[in-house]
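Chain and residue survey
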Amino acid sequence: MATYSTNEFKSGLKILMDGDPYAIVENEFVKPGKGQAFNRVKVRNLKTGRVIERTFKSGDTVEAADVVEVEMQYLYSDGDQYYFMDPNSFEQIGASEAAVGDALKWIKEQDVCTLTLWNNEPLTVEPPNFVNLKVTQTDPGVRGDTSGGGGKPATLETGAVVRVPLFIEEGELLKVDTRSGEYVSRVKE
Amino acid sequence: MEPAWRPAARIEQLRQRAELLARVRRFFAERGVWEVDTPQLSATAIADPNIESVAAELAGRRYWLQSSPEAAMKRLLAAGSGSIYQICHAFRGGERGRLHNVEFTLLEWYQVGFDHHALMDEVVDLAAMLLGERPRERMSYREAFLRHAGIDPFALDAEGFAARAAEWDMAVPDLGADIDAWRDLFFSYRVAPALGRGRYSFVDEFPASQAALARLHRDEQGDLVAERFELFIDGIEIANGYHELTDPDEQRQRFRAEAERREIRGEPLPDLDERLLAALAAGLPDCAGVALGLDRLIMLALGAERLDEVMAFPFERA
């Protein structure tokens with residue numbers, strides 16, 4: 001069982017508390033000149049995303065959480081689980097809808113996602129930063145109309161709705177930034 | 001990110017730091033307090049179990065980098081130096097953060113014939129010279145707790161503190177029966193951050209169990225308290241001073257008690273500082289002394305948020 005001492009604490013470190021995996025967000029060293037030292041940390045629960053505060057006596061040890069990030073290819077869903085494959089070992093793994101979360105809005109079969117695994121169970125799925133998706137529905141843009149901030153909504157093949165320029169037409173392939181949910185450019189097929 | 005060979009602080013900040021140091025030296029020159037220079041590498045180390053001294057191996061023997069120049073300066077006082085000051089580097093293992101660096105600059109001085117009250121006046125004069133005037137206030141450790149945490153630190157036992165921590169949802173570790181660790185925790189979290197906001201706040205009359213090298217007396221409530229003070233500015237601890245204990249037997253007892261706590265915790269056990277005890281036996285003049293975190297004061301004077309902004313090469317770049 002791997003452990004970390006408080007003097008190894010830094011942001012990003014994965015630790016186990018009360019049976020849940022956490023990532024350290026912020027670590028503050030607190031010590032009165034003549035007294036006991038403490039580490040006051042902000043930690044994010046990797047299952048719920050909730051950030052809490054916790055204090056440790058300096059020098060205490062905490063169990064390490066076996067959390068790794070791996071790149072895996074999205075294969076398919078059977079309606080219950082979402083299956084991903086390690087492109088090197090061809091090993092497959094199922095992720096729950098909760099773990100896949102918002103990534104669902106953006107990913108298609110074959111896309112390579114970043115999975116955070118805890119004891120080999122997926123905690124979260126991150127889509128690629130940029131994806132190319134086809135427009136399945138958008139109203140025709142009116143030539144010369146520059147009102148409404150110069151944009152209109154478009155529904156993409158995964159069901160996501162993004163704001164696009166007026167000249168975009170149904171059937172076109174678009175590059176989208178999944179972090180901001182914003183249109184980037186048209187893509188030539 | 002700056003390349004690792006570069007200083008962490010801007011050169012302009014370091015030049016201003018030098019100017020502040022020159023003013024500190026003038027402050028003492030005008031008061032007839034002279035500058036001394038004592039070893040940083042020494043055969044003994046402080047017994048305080050909360051301070052981790054850094055060991056240095058030399059010709060098969062273990063020496064220690066000093067966590068404060070206190071012992072050496074008291075030997076000078078006992079030898080008849082009169083009032084003295086020192087600006088030196090000190091080392092404390094494991095202490096690193098926004099307000100800590102393993103190697104840091106201490107300003108330590110002793111005024112012969114002063115008690116802690118007279119020395120507090122001088123400490124705040126020095127702070128005001130660098131930071132400007134602010135309202136000054138003094139309160140006892142008990143008063144500081146009552147005012148800012150609503151609890152009496154002498155009336156609560158370890159269980160009482162544990163119950164408050166749970167009630168206030170503080171998410172803190174179980175410190176068991178260690179009453180002083182509980183006091184430190186509550187002081188660090190609830191009291192200190194509220195002190196010195198727009199003013200110079202002194203706290204004195206610390207519990208006798210946190211006396212270190214200070215004299216003791218009974219306060220109005222009949223509790224044994226130490227003639228020890230700390231200065232807080234903007235929620236940050238800046239200085240720690242004592243009306244110095246001069247009784248060698250009492251000092252030996254305190255060293256032994258600290259050594260015992262180290263043994264229980266399985267920490268390294270430096271030899272008792274017999275040279276300091278011999279100096280006390282020869283006669284330490286009645287005096288008050290204070291250690292001031294000069295990097296922190298400079299940080300505040302230059303409007304910085306972190307020690308690293310006023311240090312050339314903090315630990316990771318050293």
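All residue numbers refer to position in the chain's written sequence, counted from 1. Chains and ligands are labelled by the order in which they are written, letters from A for the one and numbers from 1 for the other. Only residues with pLDDT of at least 70 are given local features in this predicted model, and only at 80 or more are side-chain atom pairs given and counted; all residues enter the totals for whole chains, interfaces and linings. Excluded from the side-chain calculation are hydrogens and water; included are all heavy atoms of the structure.

**Details of the overall build of chain B**
Tallying secondary structure elements over chain B gives 9 helices and 12 strands in all. Dimensions of chain B, computed from C-alpha atoms along their principal axes, come out at roughly 50 × 45 × 40 Å. The burial tally for chain B puts 53% of its 318 residues in the buried class. Contacts are assigned to residue pairs with any non-hydrogen atoms lying within 4.5 Å of each other. Taking all contacts inside chain B whose residues are at least 6 apart in sequence as the whole, residues at least 24 apart take part in 67%. Accessible surface, chain B as shown: approximately 14100 Å² in total, 49% of it carbon and sulfur. A run of DSSP states H or I qualifies as a helix once it reaches four residues; a run of E qualifies as a strand once it reaches two. Both are numbered from the N-terminal end. Working definition: with a 1.4 Å probe on protein chains only, accessible area under 20% of the residue-type maximum means buried, over 50% means exposed, and in between means partly exposed. To be clear on the numbers: accessible area is Shrake-Rupley with a 1.4 Å probe, and residue cover counts the displayed protein chains and nothing else.

**What to know about the sheet that holds strand 8 (residues 82–85) of chain A**
Residue and element names in this part refer to chain A. Think of it this way: DSSP has to see at least two bridges between two strands before they count as a pair. Across the sheet, 5 strands lie side by side as 9-8-7-10-11; this open sheet has antiparallel pairing. Two strands in the sheet have a free side with no partner beyond their single neighbour: strand 9 (92–95) and strand 11 (121–126). Pairwise comparison of adjacent strand axes, ignoring direction, gives a mean angle of 45 degrees for this sheet. Bridge count for strand 7 (residues 67–77) against strand 10 (residues 112–118) is 7 bridges, and the pairing is antiparallel. Interaxial angles span 0 to 180 degrees and are taken between N-to-C directions of axes, which are lines fitted to C-alpha atoms, for helices over the stretch in contact.

**Some points on helix 4 (residues 141–148) of chain B**
All names here are of chain B. Those residues of helix 4 that fall on the buried side of the exposure criterion are Tyr141, Arg142, Ala144 and Phe145. Buried residues along helix 4 cover an arc of 165 degrees about the axis, so they all sit on one side. Where helix 4 is buried, its residues contact strand 7 (136–140), helix 5 (158–167), helix 6 (179–191) and strand 8 (200–207). Looking at the residues trailing helix 4, positive phi occurs at glycine 150, about 70 degrees. To be clear, the arc concerns the directions from the helix axis to the C-beta atoms.

**Here's the deal with the interface of chain B and chain A**
Listed per partner, the contact involves 25 residues of chain B and 15 residues of chain A. Buried area adds together the accessible area that both of two parts lose upon being put together, with accessible area traced by a 1.4 Å probe. Note on chain B versus chain A: buried area summed over both sides is about 1800 Å², and carbon and sulfur give 53% of it. Together, B:Asn50, B:Ala171 and B:Tyr189 form the three largest contributors to the area buried by chain B at its contact with chain A, with a combined 27%. By definition, a salt bridge exists where a carboxyl oxygen of Asp or Glu is found within 4 Å of a side-chain nitrogen of Lys or Arg. At the boundary of chain B with chain A, the tally comes to 1 salt bridge. Each polar contact in these results corresponds to two N or O atoms within 3.5 Å; when the atoms are within protein, one needs to be able to donate a hydrogen and the other to accept it, and residues that are neighboring in sequence are counted only if both atoms are side-chain atoms. At the surface where chain B touches chain A, the tally comes to 6 residue pairs in polar contact (both at pLDDT 80 or more). Elements that contribute at least two residues to the side of chain B that touches chain A include exactly helix 6 and strand 11 (236–243) of chain B.

**Structural notes on the confidence of the model for chain B**
Per-residue pLDDT for chain B averages 95, and the proportion of residues at 70 or more is 100%. Predicted complex metrics record ipTM = 0.88 and pTM = 0.85. Every residue is assigned a pLDDT by the predictor, reflecting its confidence on a scale from 0 to 100.

**A short note on the pattern of salt bridges**
Residue and element names in this part refer to chain B. Scanning the entire structure with this criterion turns up 34 salt bridges over all chains. For arginine 136, the salt bridge goes to aspartate 125, with nearest N and O atoms at 3.2 Å. Here the residue arginine 136 occupies a position in strand 7, and aspartate 125 occupies one in helix 3 (residues 116–131), the gap between them amounting to 11 residues. For aspartate 125, a relative accessible area of 30% corresponds to the partly exposed category. Look at the salt bridges and you will find they share partners, linking Glu137, Glu143, Arg147 and Arg199 into a network.

**What about unusual backbone geometry?**
Generally, phi is negative for residues other than glycine and the peptide bonds are trans, each holding for most cases. At A:Asn120, a position not held by glycine, the phi torsion is positive, near 70 degrees. Relative to the assigned elements, A:Asn120 resides in the loop between strand 10 and strand 11. Judged by its relative accessible area of 56%, A:Asn120 falls in the exposed class. Unlike most non-glycine residues, B:Asp169 shows phi in positive territory, near 55 degrees. Classification of B:Asp169 by relative accessible area gives exposed; the value is 68%.

**Focus on the pairing of strand 10 of chain A**
Across the 7 residues of strand 10 of chain A, 5 count as buried, placing the element largely inside the fold. Between strand 10 of chain A and strand 11 of chain A, which pair antiparallel in sequence order, lie 2 residues; one of them, A:Asn119, sits at a positive phi of approximately 50 degrees.

**Observations regarding the sheet that holds strand 5 (residues 51–57) of chain A**
Ordered by their spatial adjacency, 4 strands build an open sheet running 2-3-4-5 (chain A), and the pairing between neighbours is antiparallel. Each edge of the open sheet is held by one strand with a lone partner, namely strand 2 (14–17) and strand 5 of chain A. For this sheet, the mean angle separating the axes of adjacent strands, direction not counted, is 45 degrees. Note: strand 2 of chain A against strand 3 (residues 20–30) of chain A, 4 bridges, orientation antiparallel. The residue of strand 3 of chain A that forms the bridge with A:Ile15 is A:Tyr22. On top of the sheet, helix 6 of chain B reaches strand 3, strand 4 (38–45) and strand 5 of chain A; it is set at about 65 degrees to strand 4 of chain A, its chief contact.

**What about the confidence of the model for chain A?**
Caution applies to low-pLDDT parts of the model: their predicted coordinates are not meant to be read in detail. Chain-level pLDDT for chain A is 91 on average; 96% of the residues reach the 70-or-more range. Confidence, expressed as mean pLDDT per element, reaches its minimum in chain A at helix 1 (residues 97–100) of chain A with 90 and its maximum at strand 8 of chain A with 96.

**Some thoughts on the nonpolar core**
All names here are of chain B. Grouped together as the largest cluster of nonpolar side chains are 44 residues, with contacts concentrated most on Leu107, Trp109, Val123 and Leu292. If you tally residues by element for this core, the top one is helix 3, at 8 residues. With sequence-adjacent residues up to four places away left out, leucine 292 is seen in contact with Thr105, Leu106, Leu107, Trp109, Val123, Leu126, Ile238, Ala239 and Leu297. Residues enter a nonpolar core if they are buried and are Ala, Val, Leu, Ile, Met, Phe, Trp, Tyr or Cys, with the set joined through side-chain atoms within 4.5 Å.

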